[in-house]
Amino acid sequence: MNDRIADIWGTRTPHGSGTAWPARVDSHLDPSVRADEVDRWVPSACVLCSNGCGCEIAVKDGRMVGVRGRADDPVNRGRLGPKGLYGSWQWEHADRLGRPLVRDARGELAESDWDTAMGRVAERSRRLLESEAGGLSHGFYTSGQLFLEEYYTLAVIGKAGIGTPHMDGNTRLCTATAAAALKESFGSDGQPGSYRDLESADAVFLYGHNMAETQTVLWARVLDRIEGSDPPRIVAVDPRLTQVAEAARRTGGVHLAPLPGTNHALMNALTRELVVHGRLDEDYIARHTLGFDDLRATVEPYTPEHVADICRVPAADIRRAAEIFGTSDRVVSTVLQGFYQSHQATAASCAVNNLHLLRGLLGRPGCGILQMNGQPTAQNTRECGADGDLPAFRNWNNPDHVRELAGLWNVDPLTIPHWAPPTHAMQIWRYCEQGSIRLLWISGTNPAVSLPELDRVRNILRQESLFVIVQDGFLTETARYADVVLPAALWGEKQGTFTNASRTVHLSDRAVEPPGQARSDLDIWLDYARRMDFRDRDGAPLIKWTDPRGAFDAWRECTRGRPVDYTGLSYDKLRGGGIPWPVNERAPEGTERLYGDGRFPTAPDECETYGHDLLTGGAVGPATYRALRPDGRAFLKSAPYVPPPQPPDEVHPYVLTTGRTAYHFHTRTKTGRSRPLRRAAPDAWVELSVPDAARLGVTEGDIVRVESPQGALEAPARLGRGREGVVFVPFHYGYGDQPGTDGAVPNGHPRAANELTPTEWDPVSKQPVYKMTAARVAKVRDGSGPAPAPTTTASAPADPSGVPATAGTAGDEVTERIED
Ligand SMILES: Nc1nc2c(c(=O)[nH]1)N[C@H]1C(S)=C(S)[C@@H](COP(=O)(O)OP(=O)(O)OC[C@H]3O[C@@H](n4cnc5c(=O)[nH]c(N)nc54)[C@H](O)[C@@H]3O)O[C@H]1N2
Ligand SMILES: Nc1nc2c(c(=O)[nH]1)N[C@H]1C(S)=C(S)[C@@H](COP(=O)(O)OP(=O)(O)OC[C@H]3O[C@@H](n4cnc5c(=O)[nH]c(N)nc54)[C@H](O)[C@@H]3O)O[C@H]1N2
Ligand code: SF4
Ligand SMILES: [Mo]
């Protein structure tokens, strides 16, 4: 029995380089249920992060009563992390939405029924579509947490039914940069590498990725290599002393802690080091890439000494990291929010791709690039076009691709919006603010906590002229502003598929009935399409399916011949465990890694984008692109470093960065309702470095106020192990579970990190900049004990004395069965 609150990663199963990761099956049941009392185990995968761990849901008397990992699943070999074990199902008995809510004459949200609620939605929608604004009056803001079948249905409704370009997901906040970096370098979205590459890598580079807390099972995989023979060296690029950074020190690697906002300077220096020392695969560069001369010229000024000044890291560490990259035979790189949520996000992430291309380190075992995802189904939002792109990685700017879709859906190509790039989420919110979008349909996301500059977001949601529909399982902070709230079935209550960060597709079967009248997102959108009577060119219903399987079959057809080929998959096949796409006649059992032959989908008729200038975001036109003659070669794109938009100054001398802790998922609608997880990290905190705290006269637990030009929050201080000048706040804590109003919590002050963050984004991916806000900090009053921050994570106190260790309590035990 293990306490997996105290021990996040569980028991080690070390293994040597080139050998398979041993299985270890983790399971956790409701303490009132014995294993032999479980009625059935339903195949699924965890939806609390992009790792996508294969699991089974325990069902007893029609209730979810636990989970266990699947030993035969290539993703996790049976393991689950704390969120999967404690947070994936324990919200079941909580305050779920069971009835639609409709705003009544007094302006209150009142319980209603489906016919009234959907009638109101359809009536408003029809009225707006008939108005002069037409489809442009509609905006859809969806998620990275629904199922593939739901996204595809929404995408077809939006593109071929309504004809609006205003559709995006919270994936814009999450993995837009992953998609952008893959498209810019390789011509199309699609992860080149595989998690299995960790089994034989000699070095693992983690760029702005706190994998130890955010993909805990993948990190267990890394730890098992570190403790086996021939361990890899770890290089961590993170301003905080995370567990990943500690592992870098332990393995003889490097921890580079750049000041937030300086990633791209660092990347240019690492690139320059490879070039200067000739650590290049010149044959690979010549045969499989374009742009080397420009790249070399761009990085030339970025000497280690120059960049050491910008990033405030030792020049020797930059040299040493480059040497590890340049001399290891097999390198895996992972990239996540420390890079993606910054002002040169796409440029810095493409630079990671470049390092691999320069040494020919991709497409073979041990050499993976993982431009990570965060949310469990973000990949599908992108694949299906629910992020505004065209489905199956088609290029909106390529008339042939548009015609293909029009043929598939049997609609006029002119219905499908392709006269301009799809509207990104930040712009959708702007159009709502300006009043041109009059109906905003929010599904599976909680923007009143997760978007930057919350005061502005609340003002937009409050506008009389904007009709807001919120589709969620809980009455979230956002739902409180809705005109209509639609109760959604969640994971375990519906059937569908989703794809993890390494292209592995899982089927999640329905385990139990949804609460009350809640319906799946698929059923809600099918109902909407019926009420709106969307038709194809022959007068037949536009949406030709009525259930998940039908949607999946339609999607398979849509992917035929595309890089993201699902044609060889079926629900039955997926019951055997996760399979990585493409799956087709040529690769019936799936494809572990892409681009082994050095050919990339960059041909003009194949690519998903013609690309952008990484510095300005300016689009490359089709003619210019053709003239480059990419011919299946990858692009080595580069850009100079520019300083961040809101650098610290005399008034706001600190850099505020925000992010996650291991125990909570985003705005905590699920994890905040799980007792063990809530106990482990009950409330917000502010992490200060010890020297900064001394200067401010702050001791552990004192209440501090953090203020930026956008807003302020107050929370207890944790004297942490971070670097001087940098303040960290977790973004998980809104105000929903302590009902208050508009950002205030009952004790009178806001605590959400996004009160402070600015409305700024990367010019290429349009991903918001959450990782660097200029801020000032002041002590408000003495505290009454240590901050409520976990001690088991990057937020561990610098001085552990007097701070109780984070641990589980009776009933939180997890069974681990190690298989040999
Ligand atoms: N426990 C948990 N796991 C999750 C989630 C969750 O909410 N909770 N969410 C999932 C989702 S959707 C996502 S997107 C992923 C996110 O996963 P991560 O990207 O790993 O998580 P973050 O904490 O947002 O940011 C990662 C690190 O970036 C560092 N950082 C901050 N500023 C900078 C910078 O300027 N440069 C560099 N190099 N690093 C910087 C932070 O110190 C932090 O340790 O996690 C997924 N997994
Ligand atoms: N300051 C700061 N802000 C950030 C970030 C950061 O690092 N710092 N990270 C950003 C990132 S990477 C992300 S991904 C976002 C996450 O931000 P959000 O998407 O706002 O976060 P969640 O709490 O996951 O919200 C998902 C909602 O979907 C609901 N839901 C779950 N499953 C279903 C379903 O099947 N159907 C429906 N209809 N609803 C469902 C949940 O109850 C929940 O309310 O936050 C972003 N915001
Ligand atoms: S690593 Fe991610 S997918 Fe796996 S159990 Fe944890 S939260 Fe779930
Ligand atoms: Mo995310």
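Residues numbered from 1 in each chain as written. Chains lettered and ligands numbered in written order. Predicted model: local features only at pLDDT ≥ 70, side-chain atom pairs only at ≥ 80, totals over all residues. Heavy atoms only, no water.

## Description of the overall build of the chain
Of the regular secondary structure elements, the chain holds 26 helices and 29 strands. The C-alpha radius of gyration of the chain comes to 25 Å, within 12% of the 28 Å expected for a compact globule of 820 residues. Over its C-alpha atoms, taken along the principal directions, the chain stretches across nearly 65 × 65 × 60 Å. Counting all 820 residues of the chain, 67% fall into the buried class. A sequence separation of at least 24 residues applies to 75% of the contacts in the chain between residues at least 6 apart. Across the chain, the 90 positively charged side chains and the 105 negatively charged ones have centroids separated by 0 Å. (Helix = DSSP H or I, 4+ residues; strand = E, 2+ residues; numbered from the N terminus. Rg over C-alpha atoms; globule rule 2.2 N^0.38 Å. Buried < 20%, exposed > 50% of the residue type's maximum accessible area, 1.4 Å probe, protein only. Contact = heavy atoms within 4.5 Å. Lys, Arg positive; Asp, Glu negative; His and termini not counted. Charge placed at Lys NZ, Arg CZ, Asp CG, Glu CD.)

## Let's talk about the packing of helix 2 (residues 114-130) against helix 21 (residues 521-532)
Between helix 2 and helix 21, the shortest axis-to-axis distance is 10 Å and the interhelical angle comes to 55 degrees. In this view, helix 2 runs oblique relative to helix 21, as classed from their interaxial angle. Regarding helix 2 and helix 21, the two cross each other, and that crossing is right-handed. On the side of helix 2, the interface is formed by Trp114, Asp115, Met118, Gly119, Val121, Ala122, Ser125, Arg126 and Leu129, while helix 21 contributes Ile524, Asp527, Tyr528, Arg531 and Met532. (Axes fitted to C-alpha atoms, helices over the stretch in contact; angles between N-to-C directions. Parallel < 35°, antiparallel > 145°, perpendicular 65-115°, else oblique. Left-handed = near helix turned anticlockwise from the far one by under 90°.)

## As for the pattern of salt bridges
By the definition in use, this model includes 61 salt bridges. Among the salt bridges present, the one from aspartate 553 reaches arginine 556, with a minimum N-O distance of 2.9 Å. In this pair, aspartate 553 and arginine 556 are both assigned in helix 22 (residues 548-559), three residues apart and thus about one turn of the helix distant. The salt bridge partner of arginine 817 is glutamate 819, with a shortest N-O separation of 2.4 Å. (Salt bridge = Lys/Arg side-chain N within 4 Å of Asp/Glu carboxyl O.)

## Brief notes about the site of ligand 2
In the neighbourhood of ligand 2, 31 residues make up the surrounding shell, with Asn170, Ser450, Asp472, Asp521 and Thr667 lying closest. At a separation of 2.9 Å, an oxygen atom of ligand 2 approaches a polar side-chain atom of threonine 445. Between ligand 2 and the protein, one listed contact pairs an oxygen atom with a side-chain N or O atom of threonine 669 at 3.0 Å. When ligand 2 is considered free in solution it has 920 Å² of accessible area, and contact with the protein chains removes 99% of it. Secondary structure elements with two or more residues in the shell around ligand 2: helix 4 (171-174) and strand 17 (467-472). Looking at the shell around ligand 2 residue by residue, the classes come out as 10 nonpolar, 16 polar and five charged. Both domain 2 (119-170 + 377-580) and domain 4 (654-781) contribute no fewer than three residues apiece to the shell around ligand 2. (Near = heavy atom within 4 Å. Polar contact = N/O pair within 3.5 Å; in protein donor to acceptor, adjacent residues only side chain to side chain. Areas by Shrake-Rupley, 256 points an atom, 1.4 Å probe, with all protein chains shown as cover. Nonpolar A, V, L, I, M, F, W, Y, C, P; charged D, E, K, R; others polar. Domains from an automatic or database assignment.)

## Some thoughts on the domain arrangement of the chain
Entries for the chain in the domain assignment read domain 1 (2-89), domain 2 (119-170 + 377-580), domain 3 (176-372) and domain 4 (654-781). The C-alpha-based centres of domain 2 and domain 3 are spaced at 34 Å. Counting residues at the interface gives nine residues for domain 2, matched by 14 residues for domain 3. Here arginine 382 and aspartate 189 are joined by a salt bridge, their closest N and O atoms 2.8 Å apart. At the boundary of domain 2 and domain 3, one finds five residue pairs in polar contact (both at pLDDT 80 or more). Across the side of domain 2 that touches domain 3, the residue classes break down as three nonpolar, three polar and three charged.

## Overview of the pairing of strand 16 (residues 439-443)
Among the five residues of strand 16, five are classified as buried, and the element is accordingly described as predominantly covered. Across the two faces of strand 16 the burial is the same, with Leu439, Trp441 and Ser443 and Leu440 and Ile442 all buried. One ladder, built from four bridges, connects strand 8 (residues 138-142) with strand 16; its direction is parallel. The partner of phenylalanine 140 across the bridge, within strand 16, is tryptophan 441. Both strand 16 and strand 17 contribute to a ladder of five bridges, which runs parallel. Bridging from a neighbouring strand, tryptophan 441 pairs with isoleucine 469 of strand 17. (Pairing = 2+ DSSP bridges.)

## Comments concerning the packing of aromatic side chains
Under the criterion given, the structure shown has 21 aromatic pairs. Centroid distance phenylalanine 205 to phenylalanine 325: 5.3 Å. Interplanar angle 80 degrees. Geometry classified as edge-to-face. Of this pair, phenylalanine 205 sits in strand 10 (residues 203-207) while phenylalanine 325 sits in helix 13 (residues 315-327); the two residues are 120 residues apart in sequence, bridging distant segments of the chain. Considering the side-chain rings of tyrosine 625 and phenylalanine 635, the 5.7 Å spacing of their centres and the 50 degrees angle between planes classify their relative orientation as tilted. A residue pair is termed long-range when its members are at least 10 positions apart, and tyrosine 625 in helix 24 (residues 622-628) and phenylalanine 635 in strand 22 (residues 634-635) qualify at 10 residues. Taking the relative accessible area as the measure of exposure, tyrosine 625 reaches 2% and is therefore buried. (Phe/Tyr/Trp six-rings, centres within 6.5 Å; stacked < 30°, edge-to-face > 60°.)

## Let's talk about the sheet that holds strand 11 (residues 233-237)
Reading across from one edge, 12-11-10-14-15 is the order of the five strands in this open sheet, with parallel pairing throughout. Each end of this open sheet is capped by a strand with a single partner; those strands are strand 12 (254-256) and strand 15 (369-371). The average angle at which neighbouring strand axes cross in this sheet is 10 degrees, direction not considered. Where strand 10 and strand 14 (residues 331-335) come together, five bridges link them in parallel fashion. Paired with valine 204 across the bridge in strand 14 is valine 332. This element, helix 8 (residues 243-250), spans strand 10, strand 11 and strand 12 of the sheet and lies at about 140 degrees to strand 11.

## Regarding the site of ligand 1
Of all residues adjacent to ligand 1, which total 32 residues, the nearest are Thr214, Asp238, Gln337, Arg660 and His664. Within the side chain of threonine 657, an N or O atom sits 3.1 Å from a nitrogen atom of ligand 1. With respect to ligand 1, the backbone of histidine 664 contributes an N or O atom lying 2.5 Å from a nitrogen atom. Protein contact buries 100% of the 910 Å² of open area that ligand 1 shows by itself. Mapped onto the shell around ligand 1, the elements with two or more residues apiece are helix 6 (211-214), helix 14 (337-340) and strand 23 (654-659). Per-element tally for the shell around ligand 1: the top contributor is helix 14, with three residues. Class assignment of the residues belonging to the shell around ligand 1 gives a composition of nine nonpolar, 17 polar and six charged. Each of domain 3 (176-372) and domain 4 (654-781) contributes no fewer than three residues to the shell around ligand 1.

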